[in-house]
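One-letter residues, chain by chain:
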Amino acid sequence: MLLKYTVSNFKSIGRTIEFSMFPLEGTSDDRFLSEITTVTGVWKILKRGAFFGPNASGKTSFIDSLAYAKEYITKGPRNSNVKKVDQFKGKIADLEGVTTFQFLIYINSEVYNYGFSLDRSHVHEEWLDVLDKSGSFDHLFDRKTGDDLSSNIEIFNSYAKEGTDERDLAELLTKTMKEEQCDQLFLYKLYENGSEHARLIYSWFTRLKIIYPNTRLHSLPLRITKEDNFLDFLSAKLNLLGTGIRKVSESDNKIDLSDFEEKYNISNDIVHEMERLQNGLITAEGKLYVFREDADHRIQLFQIRFEHLLNHANISFDIDDESDGTRRLLDLLPVIFRMENGSDDIYIIDELDRSLHTKLTKHLVNLAAATSDNSQFIFTTHDVNLLNLKDFRSEEIWFFEKTSNGETRLKPFSDFDVSADKDILKGYLAGRFGAVPVIREGA
């Protein structure tokens, strides 16, 4: 689970902003909370987070920062998809041209603090800590890059005791970080060489699912066969939500991945990701396909069709024939399906409400609140009708806005002293909490 995230000097984000999934201390409202067991006891953690703010306030920049950190960690700087970091364009002297990402995360009863800082040429610092029974953090490793681009990496006893094979290997790997590897993460080198700590951190980031409105490939890592209930789930939900779809079915005709790649000119990066995921959904030229690995370890694809009753006849449609709202639901319902089936992923969704009626958006948000305690659901939205303290705790609501010098700032609604019976939508639109568009006279 994600506990806290801080970032600085990325796109419209200048000085550090911090996002937390911790509830306020002393609150008796246990709605929408999960409990985790740590070395210091049981902690309560929020399951959802909702970001509000005007256009160009930095909501997508914040999502992009998470996506960039994930890509840098899991793919590395030499991957063609990982570009040089896009920093804040304004001059802020105390940032010193360095971007910093820091994550407080929960994995397998352990709380880890992992972060790194970099510029457009090399990693400046990198660290990994773990929470101990006293409530302090023990260092696992710490890395600093010198002016000559050499890496000074220290391994601590909390990582592995001296004289053990694991410690000896980590110490050896520190010596392999030469000037030519100054833009690479030590965490990834540890992961490649079988470090259990690094494997846990790396695996956590692969479970950080970021969904944009134009996301083509959806990870659905479970066996999707005709006997599974995923298509039944889609049929039931799309029918319930008034889309006019009576049934979602899978075609009998299958396509090999190589033929699919050639037919739709799919990029190598997407093909490799499909091979890694083994199961999932992908759209191509207005058609939706489910893909899965067969007994011979080959990826097969089956087209998904949507059945409507028109003039007393069942007519099948492609996804491209459906409305924008239905297509957006098909982006989001797989997330709800995963959450209802015990997923431990963290879902970050940009523009949740795009092309959706308020009632549909509220329904999805409430479904997310009622699902597994193991996953989290975090989203940006322009739908201010969601703003109420009946469906949200105050700590779940966050506001983005720009300062006068163009920096994105983030503040939690819980900073404001507002009682649960107040009309917070009215207060928000009146500008009481900031984070609303400023429309100048005569514009």
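Residues numbered from 1 in each chain as written. Predicted model: local features only at pLDDT ≥ 70, side-chain atom pairs only at ≥ 80, totals over all residues. Heavy atoms only, no water.

1. Quick look at the sheet that holds strand β10 (residues 151-155)
Then, number 1: Pairing within the open sheet is antiparallel, and its seven strands lie in the order β2-β1-β6-β7-β8-β9-β10. This sheet does not close on itself; its edge strands, each paired only once, are β2 (17-20) and β10. Strand after strand, the sheet turns through a mean of 10° between neighbouring axes, direction not considered.
Then, number 2: Lying on the sheet, helix α4 (residues 196-206) is in contact with β1 (2-8), β6 (99-107), β7 (110-118), β8 (123-131) and β9 (137-145); it crosses β6 at an angle near 100°. (Pairing = 2+ DSSP bridges. Helix = DSSP H or I, 4+ residues; strand = E, 2+ residues; numbered from the N terminus. Axes fitted to C-alpha atoms, helices over the stretch in contact; angles between N-to-C directions. Contact = heavy atoms within 4.5 Å.)

2. Section: α4
Then, number 1: In terms of burial, α4 is a largely internal element, eight of the 11 residues being buried.
Then, number 2: Among the residues making up α4, those that are buried are H197, A198, L200, I201, Y202, W204, F205 and T206.
Then, number 3: Backbone nitrogen of H197 and a side-chain oxygen of the N-cap are separated by 3.5 Å at the start of α4; the cap is S195. (Buried < 20%, exposed > 50% of the residue type's maximum accessible area, 1.4 Å probe, protein only. Polar contact = N/O pair within 3.5 Å; in protein donor to acceptor, adjacent residues only side chain to side chain.)

3. Notes on the sheet that holds strand β21 (residues 408-412)
Then, number 1: Taken together, six strands build an open sheet; the order of strands is β11-β18-β19-β5-β20-β21 and the sheet is mixed. Among the strands making up the open sheet, the edge pair consists of β11 (208-211) and β21. Adjacent strand axes in the sheet meet at a mean angle of 15° when their direction is disregarded.
Then, number 2: Here helix α8 (residues 324-340) sits on the sheet and contacts β11, β18 (346-349) and β19 (376-380); the angle it forms with β18, its principal contact strand, is near 160°.

4. Regarding the packing of α8 against helix α9 (residues 358-369)
For any two helices packed against each other, one specifies the crossing angle of their axes together with the interaxial distance.
Then, number 1: Direction vectors running N to C along α8 and α9 enclose 20°, while the axes themselves pass 10 Å from each other. The orientation of α8 relative to α9 falls into the category roughly parallel. Handedness of the crossing formed by α8 with α9: left-handed. Residue-level inspection shows L329, L332, L333, I336, M339 and E340 of α8 in contact with α9, the latter providing L360, L364, L367 and A368.
Then, number 2: The residue inventory of the contact of α8 with α9, partitioned by class, reads nine nonpolar, no polar and one charged. (Parallel < 35°, antiparallel > 145°, perpendicular 65-115°, else oblique. Left-handed = near helix turned anticlockwise from the far one by under 90°. Nonpolar A, V, L, I, M, F, W, Y, C, P; charged D, E, K, R; others polar.)

5. Here we look at the packing of aromatic side chains
Then, number 1: The full count for this structure, using the stated rule, is 33 aromatic pairs.
Then, number 2: Relative to W398, the ring of F19 has its centre 5.0 Å away and its plane inclined at 70°; by these criteria the two rings are edge-to-face. Residue F19 is found in strand β2, and its partner W398 is found in strand β20 (residues 397-402); the two are separated by 379 residues along the sequence. Across the pair, exposure class does not vary: F19 and W398 are buried alike.
Then, number 3: Seen in terms of ring centroids, F399 and F413 are 6.0 Å apart; in terms of plane orientation they differ by 85°. Their pairing is edge-to-face. With a gap of 14 residues between them, F399 in strand β20 and F413 in the loop between β21 and α10 (424-429) connect regions that are remote in the sequence.
Then, number 4: Linked through ring pairs, Y5, F19, F51, F62, F103, W204, F205, W398 and F400 together constitute an aromatic cluster.
Then, number 5: For the cation-ring pair, R48 lies above F32, with the distance from its terminal atom to the ring centre recorded as 4.2 Å. (Phe/Tyr/Trp six-rings, centres within 6.5 Å; stacked < 30°, edge-to-face > 60°. Lys NZ or Arg CZ within 6 Å of the ring centre and 35° of its normal.)

6. Topic: helix α2 (residues 165-174)
Then, number 1: Regarding α2, the residues found buried are R167, A170, L173 and T174. Seen along its axis, α2 keeps its buried residues to an arc of 125°; they face one direction. Along α2, exposed side chains directed more than 90 degrees from the buried face belong to D165 and L172.
Then, number 2: Close packing links the buried residues of α2 with β10 and α3 (186-192). (Arc of directions from axis to C-beta.)

7. Examining the pattern of salt bridges
Then, number 1: Per the stated rule, a full pass over the model turns up 26 salt bridges.
Then, number 2: A salt bridge links R143 to E126, with the nearest nitrogen and oxygen atoms 2.9 Å apart. With R143 in strand β9 and E126 in strand β8, this residue pair connects regions lying 17 residues apart in the sequence. Residues R143 and E126 agree in their burial class; the two are buried.
Then, number 3: Note that E250 and R292 form a salt bridge whose closest N and O atoms lie 2.8 Å from each other. Linking E250 in strand β13 (residues 245-256) with R292 in strand β15 (residues 287-293), this pair joins segments that are 42 residues apart in sequence. Grouping residues by exposure puts E250 and R292 together as buried.
Then, number 4: Through salt bridges with shared partners, a single ionic network connects R15, D94 and E407. (Salt bridge = Lys/Arg side-chain N within 4 Å of Asp/Glu carboxyl O.)

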